[in-house]
Amino acid sequence: MTLPNIFDLCKPREDVVTGTIADSDYAANLANVLTGRASRDYTDAPTFFTNTYPTEGLKELLVNVCGRLSGRGESVSAVFRLDTSFGGGKTHGLIALVHAAAGMQGVSNVAEFLDPKLVPTKPVRVAAFDGENADPANGRPMGDGIRAHTPWGEIAYQLAGKAGYEVVRQSDEQRIAPGADTIKELFGSDPVLVVIDELGEYLRRVQNMGGRDQLAAFLKALLAAVESTPQAAVVYTLAVRSDDGKGIDAFADENEFLASSMSELESVSGRKATNLNPTRDDETAKVIRRRLFASIDDSRATEVINAYRELWTAHRNILSEEAKRSTTSTEFAQTYPFHPDVLDTLTGKTATLGGFQRVRGMLRILAKTVATVWANRPPDSSAIHLHHIDLGSDVIRREFTTRLQQGAFVPAILNDIAGPPEKLALAQELDATNFKGLLPYGTYVARTIFIHTLAFNNELKGVAADHLRYSILSPSADLSFIDDARTRIRAESAYLDDRPNAPLRFNAEANLTQVIGREEKNIDPGEARTQLVDRAKAIFGGQSFDLVPFPGGPWDVPDDVSDGKPRLVLLSHDALEIGADLREIPEIVGRMFERKGADGNGLRSLRNNLVFVIADETKVNEMKRASVRRLALQELKRPERVRELAEHQQAKVFELEKKSETEAAIAIQQCYRHILYPSRNALSGAGSVQLAHSVIDIQNASERPGSGQLQVVRQLQSQNKVRDASDSPDSPSYIRDRTPLKKGQMTTRDLRDEFRRDPSLSILLSDDVFRKAIRKGIEEGVYVYKRGDLLAGQGDPMPSINIDEETTIFTMDFAKTKGMWPRPAPAAAAQPASAGTGAAISSEPFPPIGGAQSQGSAPGLGEPPQGGPDGVVAASAKVFAAEGVLKEALRRVIEQAKSAKLEQVDRVVIRLFEYGDAFKLIPIANSVAGTKRTVKIAGSFITTQDSEMQFEFSGVAQDASTMKDYLEPQFRAAKETDLQTSIYFDFEGGLALNGDAADKFIEKLTRFASAAAYVEATAEVK
């Protein structure tokens, strides 16, 4: 069943919904009521009592005073003092008395306030003095041309007209208080009610006129006159606390003086005034509900309150103490439709500000809030929360900034909470970007924090995270989004208190975020661009591509092989930025791709050697901001600057400056995310510039900041465009058919260069993958390889692949046509009966390295096998051999040994044909325990400067690993390489074949060396 909302259960008063309540309607003015100038809400008795909640204090006041005036009550006193906080209902109580003295004509709910029998039936003469409207210097116009300067002058005229004023004229004009008998003379025989309000303000006005002593004398005479008149009563107000007599408003000194004076008078006379409080704190909610709402369905509201209670219980571990108290639900029932935190915060925090009149101030704010809620109908309207107080509404915002004199917070409101349409505030931006389609969590969090910020005492300012959750949580809200919004606002706000462990609260002055922002504005644009360019160059430099940064035209992009790496052309964001919906290749890119030379008119040859990286038009500004922010933080980090900041801000600057390096790198990579790469599937179709478009995903661009080339490689790999050393090569048949090799023959260098020319081919990041393609072609019978006298084809041991003008690749068909293939098969050697059944393998073109070799035969071998480290194989040894991928070759020789019914092998020998495979396997071999490990290496390499080195090594695997560490970088940088490697494993006691020892040996050896693709493995049994 759908939970009812406030629109189902509550009906606001018409003037509240329409917003027609004037400010004066909230500020009850006794003088205006008596003269008929106040609004109908106050002058019309039926309307007044309909809108008024009968608090216990108000009922007590009416019962006592009306009983005194009617002569039918049992009032204990003729004098009544209203002690209450500013805006706590004292003036409202006086107005109620004025209407009651007039007989409460037309009031239908009299019984709510007092026994109807106590309502005076005889005319009651009412005199009221309102210190707020007094004019001691000029006199207040009363009528009949009379201007009264004192409380006794005004009261005399109101009780007995012009004749009454004449009785006290001298006293009024001379500001000398009349005696008790004179005042009693004014009372006459009719019931009399004298009400006095805002005496503190009057006393402030006459402080330089000697008014204090005369006012005290007047009050003494007035109290004496009232006490001796049976149906007379005096009601006066004082804005002091009843417990300690301390003043609580702007006229605290005057009110404390009056309280002291009245206490002294009571003590001397022996007559005590009856002290009353028209509105207790626990009745505030009822007063507000009665004034703002025509009806509230409290019975159905129980359903809503129960839903909240279940939420509070379910999340009690992450909510504040209020959610755990059983009394909160009871309080909610009394405050509904307002969430308990609304009145708790306004009374416990906002009310501590000077000028906030408790009931009156809350009525103003909440009436305007109800009007905006009913106008906007927010989806989370099961109750009215603090976050529904819309600071974007001018009338509501002014309640805080103007009436409560909190104008210093205007920049914080406009910047972080609610800005104008042309410049959204932070919270509004978060709602648009992070919470689109959801509740406006950013705005809700910011509003709640702001209301909790407004308090007089520093310890009251702000709100903890658990209380924030309690304040915002509703059946429509998600706690995870509340926390997310809180985290984002805390990180990005310019005005939140940024001190460690500070509660969530706004400052009137900007925090470190704003300080950084100001510093960003001082950064020189030229310096920022230089830093950005340098950083982008560093990020997109690397080992996979030769970077061409920010070229001005085709002349800046070379068209040669250089060091063999393809070129990555990084275009300046100032020159070009594009979007995800790119329809055609930009002209500047097309010219660089197709042209070369100083004048840009030459035709580019190596087009498949270029990849373009271009900025995203939606990310350029973000990248620039990140670069500027980094420079600003570096500036603030300087010793002379950082000393200007608070200690907690200094630590934050160092932290942010350290993070800004990564953030700037991420921003650059997220901006430079468009890739244009050579492809037959061109962006604009056939006949156009042969470039395709791909976009790096934002999340991928954020990985490993500072490694821009890595993201480019990954993206092009996903498009099946680039190949590195670990990738599988293209199909040999495809390479044959797509290149001039289809004519029959090409040198390896020309074929390699064809990969740099033809956009339909892969971009090769390493010559190793090209060599793999040649080996694969030889293995599959597609190619025949020839270098000097060496000829290799399908079934031959794999040669080392050279890339030069002396090495040629033939297609198989061409080789057969020319009579080059197949070669005459070598004569088979005699095979002993005890031999295994492994395939014959020639040891050429890798002759044994050093030492003599026994001529003993071995099963399945066309030539004598290579011996141990000393080159010797026992004449009686049985040898099993296989060639292929490492794991496959090892398993095959073990299977051959098992097929020969052997129980163990004594030695395993692995021969490797590629230096990459050898360098991977040597360290792994060194880690294999339980066997003697020997390595034999012979080879040579030619550097890019045509220097040549030849070497031989024979020794233990540990020394071979050290040798490998030296040789590997030399081989990677060399122009030509040649390496033959053999690794020997001699097992003391043999490698058992009937258990899992052999499998474990193979698994350990191949677990991390599966890329060691082509090997020759032999197993010997002595």
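Thresholds applied
- Residues numbered from 1 in each chain as written.
- Predicted model: local features only at pLDDT ≥ 70, side-chain atom pairs only at ≥ 80, totals over all residues.
- Heavy atoms only, no water.
- Pairing = 2+ DSSP bridges.
- Helix = DSSP H or I, 4+ residues; strand = E, 2+ residues; numbered from the N terminus.
- Axes fitted to C-alpha atoms, helices over the stretch in contact; angles between N-to-C directions.
- Contact = heavy atoms within 4.5 Å.
- 1 Å grid on protein atoms, 1.4 Å probe; cavity = no way out; pocket = protein on both sides within 12 Å on 5 of 7 lines; lining within 4 Å.
- Points joined across faces, edges and corners; volume = space filled by probe spheres on them.
- Buried < 20%, exposed > 50% of the residue type's maximum accessible area, 1.4 Å probe, protein only.
- Core = buried A, V, L, I, M, F, W, Y, C linked by side-chain atoms within 4.5 Å.
- pLDDT = per-residue confidence, 0-100.

> It is not clear to me how the sheet that holds strand β7 (residues 232–238) should be interpreted in this structure. Could you clarify?
Within a sheet, adjacent strands bond to each other through the backbone by hydrogen bonds, running parallel or antiparallel. In spatial order, the strands read β3-β6-β7-β2-β8; together these five strands make up an open sheet with parallel pairing. Looking along the sheet, the strands with just one partner apiece sit at the ends: β3 (125–130) and β8 (274–276). Looking at each pair of strands side by side, their axes are set apart by 15° on average, direction ignored. Relative to β7, strand β6 (residues 192–197) runs parallel, the two being bridged by five bridges. Counted as the bridge partner of Val195 is Val235 from β7. Seen against the sheet, helix α9 (residues 151–174) touches β3 and β6 and runs at an angle of roughly 155° to β3.

> How should the sheet that holds strand β19 (residues 745–747) be read in this particular structure?
Spatially, β19-β23-β21-β22 is the arrangement adopted by the four strands of the open sheet, whose pairing is antiparallel. With partners counted over all chains shown, the strands left at the sheet margins are β19 and β22 (790–792), one partner each. Averaged over all pairs of adjacent strands, the angle between strand axes in this sheet comes to 20°, irrespective of strand direction. Judged from the five bridges that link them, strand β21 (residues 783–787) and strand β23 (residues 807–811) form a sheet pairing that is antiparallel. Residue Lys786 lies in a different strand from β23, and its bridge partner there is Thr808. Packing against the sheet, helix α35 (residues 748–757) makes contact with β19 and β23, and its axis sits at approximately 90° to β19. Packing of helix α36 (residues 767–779) onto the sheet brings it into contact with β21, β22 and β23, and relative to β21 it is tilted by some 115°.

> Quick question: what am I supposed to make of the layout of surface pockets here?
Where empty space is left can be seen by rolling a probe of water-molecule size over the atoms. Here the largest pocket is characterised by a volume of approximately 2000 Å³. The wall of the largest pocket is formed by 49 residues, among which Leu426, Ala491, Glu492, Thr513 and Arg629 lie closest to the centre. Of all elements in the fold, only α21 (410–417), α22 (426–433), α25 (479–492), α26 (512–521), α29 (620–637) and α31 (647–671) reach the threshold of two or more residues within the lining of the largest pocket. No other element matches α31, which puts ten residues into the lining of the largest pocket.

> What am I meant to see in unusual backbone geometry here?
Leave glycine aside and you will find that most residues have negative phi; peptide bonds, for their part, are mostly trans. The residue after Tyr336, namely Pro337, is reached through a cis peptide bond having omega 15°. Among the secondary structure elements, Pro337 is positioned in the loop between α17 (327–335) and α18 (340–348). With an omega of 0°, the peptide bond running from Trp821 to Pro822 counts as cis. You can see Pro822 is positioned in the loop between α37 (812–817) and β24 (878–884). The backbone phi angle of Gln405 is positive, close to 55°, even though this residue is not glycine. Under the relative-accessibility criterion, Gln405 is labelled exposed at 67%.

> What's the story with the nonpolar core in this structure? I'm lost.
Side chains that are nonpolar tend, in soluble globular proteins, to be buried together. With 78 residues, the main nonpolar core has Leu292, Phe400, Phe450 and Phe506 as its most contacted residues. Examining the composition of this core, we find that nine residues originate from one element, helix α19 (residues 358–376), more than from any other. The residues contacting Phe400, other than those within four sequence positions of it, are Thr350, Ile365, Ile389, Leu391, Gln405, Gln406, Phe450, Ile451 and Leu454. Among the nonpolar cores identified, the runner-up in size contains 42 residues, and Tyr157, Ile196, Leu199 and Ala221 belong to it.

> In this structure, what is going on with the environment of Tyr202? I would like to understand it.
Along the polypeptide, Tyr202 turns up in helix α11 (residues 199–205). Take Tyr202: its relative accessible area is 4%, and that puts it in the buried class. Residues Tyr202 and Pro136, 66 residues apart in the sequence, show an inter-C-alpha distance of 8.1 Å. Among all residues touching Tyr202, those that are not within four sequence positions of it are Phe129, Gly131, Ala134, Pro136, His149, Thr150, Pro151 and Leu215.

> Looking at this structure, how should I read the pairing of strand β27 (residues 948–956)?
Within a regular strand, the side chains alternate between the two sheet faces. Direction of pairing for strand β26 (residues 932–942) relative to β27: antiparallel, over a ladder of nine bridges. Bridge pairing links Ile937 to Phe953 in β27.

> Sorry if this is basic, but what is going on with the confidence of the model for the protein here?
For any part of a model where pLDDT is low, the fine detail of the predicted coordinates should not be relied upon. In the predicted model, the protein carries a mean pLDDT of 85, and 88% of its residues have values of at least 70. The low-confidence segment residues 827–867, where pLDDT is below 50, has 85 contacts with residues more than four positions distant or belonging to other chains. In the predicted structure, residues 1010–1014 sits below a pLDDT of 50 and forms 16 contacts with residues beyond four places in sequence or in another chain.

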